[in-house]
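# Coordinate analysis (summary)
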Amino acid sequence: MTQEIIREAPASETLEGQQANAFFYASAPNDPILNVNNIQGNILGGFNKDYQALLFLEIENPNAFKQWLELQIDFIATASEVIAFNRLFKSSKERRGREGAVKATWVNIAFSFEGLKKLTNDADAFTDTSFKAGLAARAVDLNDPVDKDGKPIGWVVGGPDNGKVDVVFIIASDERADLLAEVSRILESIVAFRDDQGKLKSSGARITFLEEGANLPAPLSGHEHFGNKDGISQPGIRGRVSDNPKDLLTPRQNSENPNQGKPGQDVLWPGEFVFGYEGQNNEAKTLEDSKGEVVSAGLRLDWANDGSYLVFRRLRQDVYKFHKFLNDTAAYLNIDPPKVSAKLIGRWPSGAPTVRTPEKDAPSLGDNDDANNDFEFNGDDLPKNHFFKNDVVPPSDDATGLRCPFIAHTRKTYPRNDKTPGGGDPGPEEIDRSEVTTQTHRLLRRGIPYGPVSPSTPNNPLPDPNFVDRGLHFLAYQTSIEDQFEFVTKLWVNNPDFSEPAATNHKVDGKLPLGHDPIIGQSENNKPNGDRTREFFIHLEDDQGQPRTKKLTAPEDWVIPTGGGYFFAPSISALKDVLTK
């Protein structure tokens, strides 16, 4: 197999000027210049490919591995390359009216704490205790199913009974043939490679797990296996990719709000996702004035700047059981199954938010990324004839949880301007302070489905004749696993009392209409034979246009963790100057 770098659309020397009319909007001269030639490409740019593979390695001989790794560095895609390609891909698609005019294959790499310890003496200086403990050790605190000793059950990668995962490669491509070619190149080099003197050597590593993921085929393209459009609500990121004050990573496309990219997309300081830059100020009074201190991975870890933590979760989805729950619940409530799903998700299958269209799907809204994220939760529209107005213009608010229940997946994982415990005591600053603290828990998600499509639908639930493993490769970047991924999981998603401040004035029969996140939330009863039942409230409209509230019970999990790990994705310079020396 050739050692040639597969990179069909190389980036220009700088990003400035490339398709300027299409991507330059308002200027932001005070945004920091991002070191896009040093940051790995999937972190800020996002690969956004139809095909992706995850390759996990154990380092058996650190010295041999360093020699092999040094020869892989030139294959690692940078943010500069990925951002330039994504711009070119978008403009080419818009001009030609189709995809496929340009293509690329990308590779990124990340290391577990145990992997870093084999390559550098500085690993202990990392301060994130969750990263150092590893995901398997944290599984019990995340309410994952575990055995009597607290070890995760049913994991196929990253668990104590699986092979070690010191390293993960992310390989992504527009074409599966190109993906497989690059995976083969890496695999063959692991078995044996030639050093710079032409001598045949071993890589010092062994393969412990390899799995492909892929965008689902039409009509589920861009959706996850349950049938819902995925990856809609991503945070914007402050930062320039060149000296040009308009050459922004997240263009300011909302003329009414300079602190947003697209409408509804708040832009955050880059230190939330990449080390070495200012992050959000958790103590700020307003989101508009929330610039914080430079975020560091630890003392004496300057080489970790331009790097990011990566969380990987392998989540199996039981599509039939989820669809059966939707179907059975719909029959009980005398509504359509997709409507039950929309209440649990907070969006319709098209991605249209229920805050803006609570009673029926609106595919045109779901497809419009200038509108499908343009809403808030706190505040209420005055009812006109009935509470549940569709296609609200201007965008709706929903403090009562009537349109989007407090338990809906999108609301539990990103409560926007809802009142939260982070807002402090009730008062005039509570909403602003809640939003400020919420934005310190965001994630850059880079997930992709794995496994074949299920024949099941919400209207016609069908079991597989035999067991089929399908689900999501959840991938997310951040600079604090404790305060971002684990905070969201433990204190929001798995917490049946979140968010009590938002629901306090909206009780139903004396009870707060709260509960677990019905999609990924997990019961604290995670030991063998523990009761995994979850309860939650949703609101519907009666025949008089008035709200009616129903309590639902899910007797089992539909999303089951089956592996994962915590990793650090270093900069290009860290790979060259630290991890291969």
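No experiment lies behind these values; they were computed from the predicted model shown.

## A closer look at the packing of helix α9 (residues 319-333) against helix α10 (residues 337-345)
- Close contact between α9 and α10 brings their axes to 8 Å; oriented N to C, the two are set at 110°. Compared by their axis directions, α9 and α10 come out roughly perpendicular. Along this stretch, α9 crosses α10, giving a crossing that reads as right-handed. Seen from α9, the contacting residues are Phe-322, Phe-325, Leu-326, Asn-327, Thr-329 and Ala-330; seen from α10, they are Pro-337, Val-340, Ser-341 and Leu-344.

## Brief notes about unusual backbone geometry
- Of note, the amide linkage connecting Ala-218 to Pro-219 takes the cis form, showing an omega dihedral of 5°.
- Phe-498 connects to Ser-499 through a cis peptide bond whose omega is -5°.
- Mapped onto the secondary structure, Ser-499 falls in the loop between α14 (485-493) and α15 (500-503).
- The phi torsion at Arg-416 lies on the positive side, around 50°, for a residue other than glycine.
- The topology assignment puts Arg-416 in the loop between α12 (409-413) and α13 (430-438).
- With phi around 55°, Asp-509 is a residue other than glycine that occupies positive phi space.
- Tracing the backbone through its elements, the reader meets Asp-509 in the loop between α15 and β15 (534-541).

## Re the pattern of salt bridges
- Under the counting rule described, the total for this entry stands at 33 salt bridges.
- In this structure, Glu-556 and Lys-321 form a salt bridge, with 3.1 Å as the shortest nitrogen-oxygen distance. Of the two residues, Glu-556 sits in the loop between β16 (547-554) and β17 (559-569) while Lys-321 sits in helix α9, which places them 235 residues apart along the sequence.
- With relative accessibility at 33%, the residue Lys-321 sits in the partly exposed group.

Quick notes on the rules
Residues numbered from 1 in each chain as written. Predicted model: local features only at pLDDT ≥ 70, side-chain atom pairs only at ≥ 80, totals over all residues. Heavy atoms only, no water. Axes fitted to C-alpha atoms, helices over the stretch in contact; angles between N-to-C directions. Helix = DSSP H or I, 4+ residues; strand = E, 2+ residues; numbered from the N terminus. Parallel < 35°, antiparallel > 145°, perpendicular 65-115°, else oblique. Left-handed = near helix turned anticlockwise from the far one by under 90°. Contact = heavy atoms within 4.5 Å. Salt bridge = Lys/Arg side-chain N within 4 Å of Asp/Glu carboxyl O. Buried < 20%, exposed > 50% of the residue type's maximum accessible area, 1.4 Å probe, protein only.

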